[in-house]
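# Descriptive structure summary
Listed here are the chains, written in short residue letters.
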Amino acid sequence: MDLMAEGGSKPSKACVIAAGRIVTLCAAALVVAGCGVFDSRLEWESGAYAVLWIDEPSNSKLSYRVHPDTSVPVVDACVSAIADSAQFIGARQRPSAQHAGERYFVVRKQEFASGIYPTPSVAGPLSAAEYDTLAARLKLPALESVGIPGACDPNDATGSR
């Protein structure tokens, strides 16, 4: 196949078509592979507990690490704030647009043997008032935001939606 048209100054029609196909195949491969700005990120961790997300920031969960590459969710998405003490973790969750308001959880920290999928002790979902009462009794510090601001708010343009 002659890649240059007569005179050698411009690529031939066949070359332009081949280059177009390559660009199209590369773009399709990126879309199929799910490559984007975000793939996953660790937002917070304390011992074996971590707030992390996969695919989108609005999928952030409080999880327990069973192995370095395996985590079990303890509080489902979307976790937006954490309070951490030696014995407990407080979590604020905004599950999705169809749920009204925020929900709160308190998790008793536990260490589990490697390879054992835990069933941690979790109080919740709690209202803000119930959480405040329990957090005060357990001497939890104030909740601190984790993750990308607005990721748990479907109406916030800075989040992932």
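Counting from 1, residues in each chain are numbered in the order their sequence is written. A pLDDT threshold of at least 70 governs which residues receive local features in this predicted model, and a stricter bar of 80 or more applies before side-chain atom pairs are shown or counted, although totals over entire chains, interfaces and linings include all residues. Hydrogens and water molecules were not included; the side-chain quantities draw on all heavy atoms of the structure.

Further remarks concern the packing of aromatic side chains. Think of a pair of aromatic rings as described by two things: how far the centres are apart, and how the planes are tilted against each other in angle. Only Phe, Tyr and Trp rings are paired, with Trp represented by its six-membered ring, and only when their centres lie within 6.5 Å; those with planes under 30 degrees apart are stacked, over 60 edge-to-face, the remainder tilted. Summed over all chains, the structure comprises two aromatic pairs. Relative to Y64, the ring of Y49 has its centre 5.0 Å away and its plane inclined at 70°; by these criteria the two rings are edge-to-face. Linking Y49 in strand β2 (residues 49–54) with Y64 in strand β3 (residues 61–67), this pair joins segments that are 15 residues apart in sequence. For the residue pair Y49 and Y64, the accessibility class agrees, reading buried in each case. Ring centres 5.2 Å apart and planes at 25° place the aromatic pair Y104 and Y131 in the stacked group. Separated by 27 residues along the polypeptide, Y104 in strand β7 (residues 103–108) and Y131 in helix α2 (residues 128–138) bring together distant segments of the chain. Starting at the N terminus, helices and strands are each numbered in turn, a helix being any DSSP run of H or I of at least four residues and a strand any DSSP run of E of at least two. Any residue under 20% of the maximum accessible area for its type is buried, any over 50% is exposed, and the rest in between are partly exposed; the area is computed with a 1.4 Å probe on protein chains only.

What follows concerns the pattern of salt bridges. Throughout this description, the term salt bridge denotes a Lys or Arg side-chain nitrogen within 4 Å of a carboxyl oxygen of Asp or Glu. Under the defined criterion, the tally for this structure stands at three salt bridges. R41 is the partner of E43 in a salt bridge, and the nearest nitrogen-oxygen pair spans 3.1 Å. Between E102 and R92 there is a salt bridge, with its nearest N and O atoms 3.7 Å apart. Separated by 10 residues along the polypeptide, E102 in the loop between β6 (88–93) and β7 and R92 in strand β6 bring together distant segments of the chain. Exposure remark for E102: the relative accessible area of 37% places this residue in the partly exposed category.

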